[in-house]
Each structure stands twice: as C-alpha cells, then as structure tokens.
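Notes for the structure review
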Amino acid sequence: MKRYDVIIIGSGSAASQAANILRDAGKEIAIVENWTFGGTCPQRGCDPKKMLAEGAELVARVDQMKTLGVNGEITLDWATFKRRVDEYRFAVPTTKTHNWREHGIDLFEGEPHFIDEDSIVINGHEISAHHFIIATGLIPRPLDIPGGEHAITSDDVFDLASLPAHVSIVGAGYIAFEFAHILRRFGCDVTLLVRSRALKAFDRNVVKRLIDETERIGIDVRYGVEPSALDGDVLTLSDDSTLHGLVLNASGRIPSIERLHLEAAGVRADHDGIRVNAYLQTSNPNIYAAGDVSASDNPPLTPFAGQEGRIAALNLLRGNTRPFPERPAPTVVFTSPPIAKVGLTVEEAKANGIDFEFKDIDLSHFLTYERIHDETAFSRVLLSRDGHVLGAHLIGQHAPELINLFSFIIQNNMTHQHVKHLQFAYPTSASDLSFLL
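Sequence order sets the numbering: in each chain, residues are counted from 1 along the sequence as written. Under the rules for a predicted model, residues below a pLDDT of 70 receive no local features and side-chain atom pairs below 80 are neither given nor counted, while totals for whole chains, interfaces and linings still include all residues. Values reported for side chains reflect all heavy atoms of the structure, with hydrogen atoms and water molecules removed beforehand.

1. Some thoughts on the nonpolar core
- In this text, buried Ala, Val, Leu, Ile, Met, Phe, Trp, Tyr and Cys residues form a nonpolar core when linked through side-chain atoms within 4.5 Å. Accessibility here uses a 1.4 Å probe with only protein chains present; expressed as a share of the type maximum, an area under 20% marks a residue as buried, one over 50% as exposed, and anything in between as partly exposed. Membership of the largest hydrophobic core comes to 52 residues, with the highest contact counts inside it found for Ile7, Ile8, Ile31, Phe114, Ile120, Ile133 and Ile134.
- Among the secondary structure elements, those contributing two or more residues to this core are β1 (2-9), α1 (13-24), β2 (29-33), β3 (106-109), β5 (119-122), β6 (125-134), β19 (287-289) and α8 (302-318).
- It is α8 that provides the largest number of residues to this core, a total of seven residues.
- Residues contacting Ile8, with those up to four places away along its chain left out, are Ala15, Ala18, Ala19, Leu22, Ile29, Ala30, Ile31, Val32 and Ile133.
- Membership of the second largest hydrophobic core comes to 41 residues, among which are Ala176, Phe179, Val190 and Leu210. Put simply, DSSP H or I for four residues or longer makes a helix, DSSP E for two residues or longer makes a strand, and each gets a number counted from the N terminus. Should any heavy atoms of two residues lie within 4.5 Å, those residues are considered in contact.

In structure tokens form, the structure reads like this:
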C-alpha cells in the first residue's frame with residue numbers, strides 16, 4: 001500500500017488550489033475523483049451556465065431596446081450553443097489531468113471511502129496518507145417524491161440534445177431562477193414552482209423587481225405549491241393540478257459525503273457538511289475540509305472554495321496559523337436582468353441590532369440605464385451612522401460589475417466621503433457610484 005504525504009479527495013477549485021501549494025512545498029500528493037477531474041464550476045456549473053446566459057442576456061437587451069430603435073427579432077440556436085459549451089467543458093479534465101501528471105501528482109478515478117483514520121480504498125485499491133484534504137463539494141439534492149429520480153438536475157441540462165416545449169423547475173434559488181431565464185430566452189415555456197420564499201438571501205425589494213420581470217417575460221411563477229409525484233412527463237402538484245413536460249429539480253444542493261464513510265476516519269459531519277474549526281481542520285486533526293463540502297461560514301461560491309483550499313493547505317503545512325478571514329461575499333444571480341448583493345441585508349442589520357440607514361434609488365432614470373431602457377435598475381445601500389457601507393443590493397444590467405466595487409469599498413473600510421472623491425471614467429456605471437451612497 002502506497003503512503004502519500006497528502007491525499008486530496010475531490011478535484012474542483014478548493015482541491016486545485018490546495019494541490020498547487022502542496023506541490024510547490026515538495027509534498028507527494030494524490031488526487032482522487034469520483035466523477036471527471038476538474039470540479040463542478042467549469043464542467044456543469046458557473047462557467048458553462050454563464051455561456052448560455054450570455055445568449056439569454058442578448059435576447060433581453062434586444063427586447064428592452066426596441067423602443068430605442070432596435071428592430072427585428074433574434075433567436076438562439078441551442079445546438080450551436082451546446083456545441084461551444086461542450087468544447088469548453090469537455091476540455092477541462094484533459095487539461096487538468098495533463099497538468100497534474102506533469103507535476104508528479106498521482107491521480108485516482110473512482111468512488112473513495114475511508115477504512116480507517118489514514119487510509120482509503122478506491123475500486124479495491126488501498127492507499128494511505130499522513131494528511132487528507134476533503135474537497136468533494138456539493139451534489140444536487142434528490143427530489144424526494146414518487147418518480148423523483150426521473151427529474152433532471154442542473155448537471156443534466158448541458159447534456160440535452162434539444163430543448164422541450166415546456167420545463168417545470170422545482171426550486172427558488174440561484175439555479176432555479178438562472179435556468180428559468182435561460183430556458184425561457186431559448187424558447188421554452190417555463191413554470192417555476194416556489195414553495196416558500198424566493199432567493200432568501202437577497203433583499204426583498206430587489207427580489208420583487210426580479211419576480212415582476214420574470215413574470216413579464218412569460219415565466220409562470222407559482223407559489224406555495226410542491227411537486228407530489230412524477231409519472232413519465234406528468235408532474236402532479238400538491239394542489240392536485242398537473243404539469244406536462246420536462247422537470248428540472250433545482251431544489252438545492254447537499255454535501256457530497258454520503259459514500260466517504262467519514263465515521264471510519266473519525267470525521268464529524270452533519271447536513272451542513274463536514275464540521276471544521278477556524279483553520280478548516282476537522283475532528284480528525286490530520287484531515288482538513290475545504291470548499292463547499294466544509295460547514296464553514298463561507299457561502300458555497302467558487303472564489304471562496306479556492307481560498308479555503310489554499311488556507312487548508314497552508315495550515316496543514318505550517319500548523320494552524322491562518323484562520324479564514326472574514327470578508328464580504330459579493331454574489332450574483334445571472335438572470336436577465338441580474339441581481340447582486342454584498343454585505344448585510346436590512347433584515348440582517350436589524351437582527352444584529354446595528355444602527356444604520358439605507359438609501360433606495362430607482363436607477364432607471366439615470367442615463368446609464370435610460371440609454372439601454374433598463375426599467376428594472378434599482379439600488380439599495382446600507383450605511384452605518386459614520387458613513388461606512390454595510391451592504392449593497394442591486395438589480396439591473398450593470399449589477400454584476402458594480403457589486404464588485406461595493407465589495408472593494410467594504411473590504412477597504414471606506415466611507416461614502418472616500419468614495420465621493422474617487423474619479424471614474426464617464427459615462428460608466430462606476431461613475432454613478434458616488435450618487436448611490
């Protein structure tokens with residue numbers, strides 16, 4: 001049985017960043033993957049989804065600018081988009097494995113599980129290590145209804161050879177809303193089933209504007225109903241109504257830990273993921289967990305996964321010297337229009353007893369948005385009494401890039417007075433920034 005310095009389970013963003021640091025430190029490493037090497041984001045998540053969203057956004061832009069002299073209709077060809085997306089995502093495993101093998105990293109493909117505190121078995125082959133980093137990420141939550149196994153997940157959307165006439169989407173989070181807008185712009189009829197509250201982490205005013213636009217473009221949003229059974233292409237709902245067509249289960253994602261046999265390694269976990277301390281160390285001091293699978297306080301977003309992978313590797317090498325820094329998490333829902341947030345919501349600020357004020361602005365009358373006829377554009381910014389930005393919440397064409405500026409402001413502890421003295425190129429969305437505070 002071969003013994004490594006470190007075995008990394010998983011091969012996504014957290015695993016990749018950890019492997020780079022450990023390789024540079026001269027450690028003998030193995031990476032184990034139970035699917036295809038490269039992780040969720042570039043193969044069946046953020047990257048290919050954004051490539052589809054670019055087409056949806058173009059249709060939305062043309063639609064909103066018809067009153068400004070843009071004439072005609074554009075349509076999106078699924079087969080052509082899929083071919084380009086496949087070229088991108090199918091190249092990921094080859095590129096990743098070639099790079100890792102060139103740097104002397106051993107790769108194992110198969111379902112791993114622990115047999116004791118320092119050994120795992122993959123397809124009957126046993127290996128061990130002084131340390132482990134678990135970075136297995138999240139997997140789609142099963143749709144727990146009769147016939148639920150026949151629903152597709154967001155992983156499967158990219159494999160559709162053609163699009164159906166109608167898609168029912170179960171869920172009300174990022175994935176549900178993004179694919180609802182993408183599939184609608186590609187020509188599908190879409191029903192979105194919202195059990196309780198849509199996009200819970202986001203500001204209510206922003207979400208309300210997004211839902212209004214979601215319904216305006218023809219997506220049927222139904223509230224307070226749940227799927228109860230799926231038989232072929234017939235979905236029965238809790239109110240006894242039925243929907244026909246493809247069913248997309250976007251009800252959430254859960255930690256990918258079920259088959260790891262963590263108890264054999266003395267690693268504690270629960271429904272939130274693998275329990276870790278501030279240094280991303282598990283209950284077994286020789287095992288760390290990083291990325292979406294760890295029950296840290298960080299959101300399940302690719303940049304945070306990569307950062308956790310680096311910090312876990314550094315703590316493994318140097319002892320626990322680097323706790324994960326508390327930083328605001330800018331995040332975007334790439335609908336058309338997109339919404340974005342960073343920092344606290346009004347509800348969170350009130351719950352924490354923070355003395356604050358907020359400024360709401362309908363941005364549709366700013367030239368930045370008038371010139372593209374973006375009637376959805378809106379900002380809500382929370383400020384402390386001494387002028388520091390506590391949170392920012394945006395909807396509109398420029399929200400994804402503008403939210404990064406707000407994140408920079410918060411991370412650098414800038415006040416609205418600092419921002420008002422900054423100079424930006426005009427006319428750009430950044431040049432509006434000082435008016436939003």
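Structure's up, so let's keep going.
2. Some details on helix α7 (residues 204-216)
- The end-to-end C-alpha distance of α7, which contains 13 residues, comes to 18 Å, matching closely the 18 Å that a straight helix rising 1.5 Å per residue would cover.
- All of the buried residues in α7 are Val206, Val207, Leu210, Ile211, Glu213 and Thr214. In an axial view of α7, the angular spread of the buried residues amounts to 165 degrees, which keeps them on one side of the axis.
- Here the buried face of α7 lies against α6 (174-185), β11 (220-223), β21 (339-343), β23 (378-384) and β24 (389-395).
- At the N-terminal end of α7, a side-chain oxygen is found 2.9 Å from the backbone nitrogen of Asn205, two or three residues along, and the residue is Asp203.
- Immediately downstream of α7, the backbone of Gly218 shows phi near 100 degrees, a positive value. Expected span of a helix, by definition, is 1.5 Å for each gap between consecutive residues, and there is one gap fewer than residues. The arc in question is the one spanned by the directions pointing from the helix axis to the C-beta atoms. Polar contact criterion, stated in full: a pair of N or O atoms within 3.5 Å, where within protein one must be able to donate a hydrogen and the other to accept it, and residues adjacent in sequence count only if both atoms are side-chain atoms.

3. Structural notes on the environment of Asp24
- When you line up the elements, Asp24 lands in helix α1.
- By relative accessible area, which is 61% here, Asp24 ends up exposed.
- For Asp24 and His103, which are 79 residues apart along the polypeptide, the C-alpha to C-alpha distance reads 9.5 Å.

4. So, the packing of aromatic side chains
- Any pair of Phe, Tyr and Trp rings, taking the six-membered ring for Trp, is counted once the centres come within 6.5 Å. Such a pair is stacked with planes under 30 degrees apart, edge-to-face with planes over 60 apart, and tilted for the rest. Per the stated rule, a full pass over the model turns up eight aromatic pairs.
- Seen in terms of ring centroids, Phe158 and Phe179 are 6.0 Å apart; in terms of plane orientation they differ by 65 degrees. Their pairing is edge-to-face. With Phe158 in the loop between α5 (154-157) and β9 (166-170) and Phe179 in helix α6, this pair connects stretches of sequence that are 21 residues apart.
- A network of ring pairs unites the aromatic residues Trp78, Phe81 and Phe186 as a single cluster.
- When the ring centre of Trp35 is taken as origin, the NZ or CZ atom of Arg44, which lies over that ring, is 3.6 Å away.
- The rule for a charge over a ring is simple: NZ of Lys or CZ of Arg within 6 Å of the ring centre, and within 35 degrees of the ring normal. When the ring centre of Phe358 is taken as origin, the NZ or CZ atom of Arg380, which lies over that ring, is 4.4 Å away.

5. Looking at the pairing of β11
- Think of it this way: DSSP has to see at least two bridges between two strands before they count as a pair. In this sheet, β11 lies alongside strand β10 (residues 189-194) in parallel orientation, the contact comprising four bridges. Bridge pairing in β11 links Leu192 to Val221.
- A clockwise path from the first strand over the helix to the second, with the strands pointing away from the viewer, defines a right-handed crossover. Between the parallel pair β10 and β11, the chain is carried across by α7, and the sense of this crossover is right-handed.

6. Details of the sheet that holds strand β13 (residues 234-237)
- On the basis of which strands lie adjacent, the open sheet formed by three strands has the order β12-β13-β14 and antiparallel pairing. What marks the edges here is a single partner per strand, and that holds for β12 (227-231) and β14 (242-244). Strand-to-strand twist of the sheet, defined as the mean angle between neighbouring strand axes without regard to direction, takes the value 20 degrees. Angles here are taken between N-to-C directions and fall from 0 to 180 degrees, while the axes themselves are lines fitted to C-alpha atoms, restricted in helices to the stretch in contact.

7. So, α8
- With 17 residues, α8 ought to run about 24 Å at 1.5 Å a step, and its terminal C-alpha atoms sit 25 Å apart, in line with that.
- Among the 17 residues in α8, 12 count as buried, and that is most of the element.
- All buried positions along α8 are accounted for by Phe304, Ala305, Gly306, Gln307, Glu308, Gly309, Ile311, Ala312, Ala313, Leu314, Asn315 and Leu316.
- On its buried face, α8 is in contact with β1, α1, β6 and β19.
- Just past α8, the residue Gly319 takes up positive phi, approximately 85 degrees.

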